[in-house]
Amino acid sequence: MKSDNRCFLRRSALVVAIAGISAPASAAFFQIAENSASGIGNAFAGGAAAAEDASTVWYNPAAMTRFKRPEFVFAGHFIDPSFKATVNSASAVTTVPISGGGGEAGQSAAVPNIYYTQPLGSSFSVGAGLNAPFGLATEYNSTWAGRYHALRSDIKTVNLNLAGAYKISDTLSAGAGVNYQMLDAELGQAVDFATLCTVAAGGAFSAACGAGATFNPNTNPNDGKAKVTADSTAVGYNLGLMAQVQDNFRVGVAYRSKMKHSLSGNFDITTPANVPGALTAATGLVNSGAKADVVLPATLSFSAYLQLDGQWALMTDITRTNWSALPELRIKFDSGQADSVVTLNLIDTYRFSVGATYKANNSWVFRGGIAQDQSPTTSAADRTPRLPDSDRTWYTVGAGLQATPALSFDFGYAYIKLDSSSVNKTAAPGTENFLRGNLNASYTGTVQVLSAQARWVF
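All values derive from a computational prediction rather than experimental measurement.

Caption draft 1: Examining the pairing of strand 19 (residues 407-425) more closely. In this structure, strand 18 (residues 392-402) lies alongside strand 19, joined through eleven bridges in antiparallel fashion. Bridge pairing in strand 19 links Gln 402 to Ser 408. The hairpin turn running from strand 18 into strand 19, its antiparallel successor, is four residues long. Alignment of strand 19 against strand 20 (residues 438-457), held across 17 bridges, turns out to be antiparallel. From the neighbouring strand, Ser 421 faces strand 20, where its bridge partner is Tyr 443.

Caption draft 2: Representation of the pairing of strand 12 (residues 299-307) in the model. Bridge count for strand 9 (residues 249-256) against strand 12 is eight bridges, and the pairing is antiparallel. Looking at strand 12, one finds that Phe 249 is bridged to Leu 306. Relative to strand 13 (residues 312-321), strand 12 runs antiparallel, the two sharing nine bridges. Looking at strand 13, one finds that Leu 300 is bridged to Arg 320. In this antiparallel pair of consecutive strands, strand 12 and strand 13, the connection spans four residues.

Caption draft 3: A look at unusual backbone geometry. In this structure, Phe 44 takes a positive phi of about 65° despite not being glycine. Within the secondary structure, Phe 44 is located in the loop between helix 2 (37-40) and helix 3 (56-59). Phi is positive for Ala 51, which is not a glycine, with a value near 50°. Taking relative accessible area as the criterion, Ala 51 reaches 10% and is therefore assigned buried.

Caption draft 4: Structural context of the nonpolar core. Trp 144, Trp 394, Ile 416, Tyr 443 and Val 449 are the most contacted members of the largest nonpolar core, which totals 40 residues. Of all the secondary structure elements, the ones that give two or more residues to this core are helix 3, strand 1 (71-91), strand 3 (109-120), strand 6 (152-167), strand 19 and strand 20. Once you skip the residues sitting within four places of it in the chain, Trp 144 turns out to touch Ala 85, Val 87, Ser 99, Gly 100, Gly 101, Gly 102, Gly 103, Ala 150, Leu 151, Pro 385, Leu 439 and Tyr 443. By size, the runner-up hydrophobic cluster in this structure holds 35 residues, among which are Phe 267, Val 275, Ala 290 and Leu 344.

Cut-offs applied
Residues numbered from 1 in each chain as written. Predicted model: local features only at pLDDT ≥ 70, side-chain atom pairs only at ≥ 80, totals over all residues. Heavy atoms only, no water. Pairing = 2+ DSSP bridges. Helix = DSSP H or I, 4+ residues; strand = E, 2+ residues; numbered from the N terminus. Buried < 20%, exposed > 50% of the residue type's maximum accessible area, 1.4 Å probe, protein only. Core = buried A, V, L, I, M, F, W, Y, C linked by side-chain atoms within 4.5 Å. Contact = heavy atoms within 4.5 Å.

The structure is reproduced here in structure tokens:
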């Protein structure tokens, strides 16, 4: 029995530091939608058809043919998420309750964007963009009851997009781009060495740890820490078409390919001082190189832009994100330990948005929008505390100021309300949550975004 326990612990320990690809910065799952301040004012409605500024390099490269002069855009976004957990119950696989209560996971972050477009003659344009399309920054208090599932989660991406566009006719333009993306990830959590000791000894706690009364289950000084850090680069592409159907009406379609990342890094384990080395070796919790293949999803957008008159414009957008391309996270270890598999069960999602723009005069323009953004996680069993994700509704406003003929400024604000969600993890032999314990928690969340950008026309 003891041999079987240790064999199982070796397999289970591989997932101690990895609970899955995690929470969003603003859009569903861990997407970052804030790729222009002008777009946020309309909840990104009309993104593939609006062509307001050089950020169209990202939204639809075909629209670059609408710009007759070089443009440079620099934008910054302050994203402030709040994910509040109320723990209904938490216990180790040994049925010992886990104390600590709920927690607040939100971590604020600043995200920049830079874009440039350059017309080359009357029919051809080129452009470049630098942004962060995916990201995560969450961190719980080290004593919260779900600490064995998640503490710190930090994912950063930087995407360089080079693009070109050609005006096929007076009504139709096409564009294409190549993308080089860098990803850095850090995922950490606590390790329940009290439970490890108990299970390794077949239920005889003190025999496994040799520490007697000084090593009691469910006491935070006996927690260890586990962390995976890894990075990767990937290459992809984006395509776009724009059609000027009528003088006041245009439509656009844009596709961004999936990005296949092969992450490589390290798994690091820190043990409490009173845990014997023999126990650590028996569990398989050893420092090791770590690798994982992660697919960031493809997206397909359909947008329309209608100029009603000299002041009012309406726009809409439907974007599909193929999250089902990421059904699981599989971690491989250089030490020869068995693979760690975290099931995600993600589904493909849609974001629907509508917006309006009002041009008050030659200096000021005002924007508003609303969007419904679906979550790819559909069950409490698949949802992780790293990602207390749910369907969300965007409410956005914005304004633009034409300061000089060459310089304009745009501002945007978004209030994003997340539907209530829950996490229900069950610790049972043979499952990925065996060492993390049982956790039932309810979540409420909001995200607020402040954006600003400057646009120069040369």
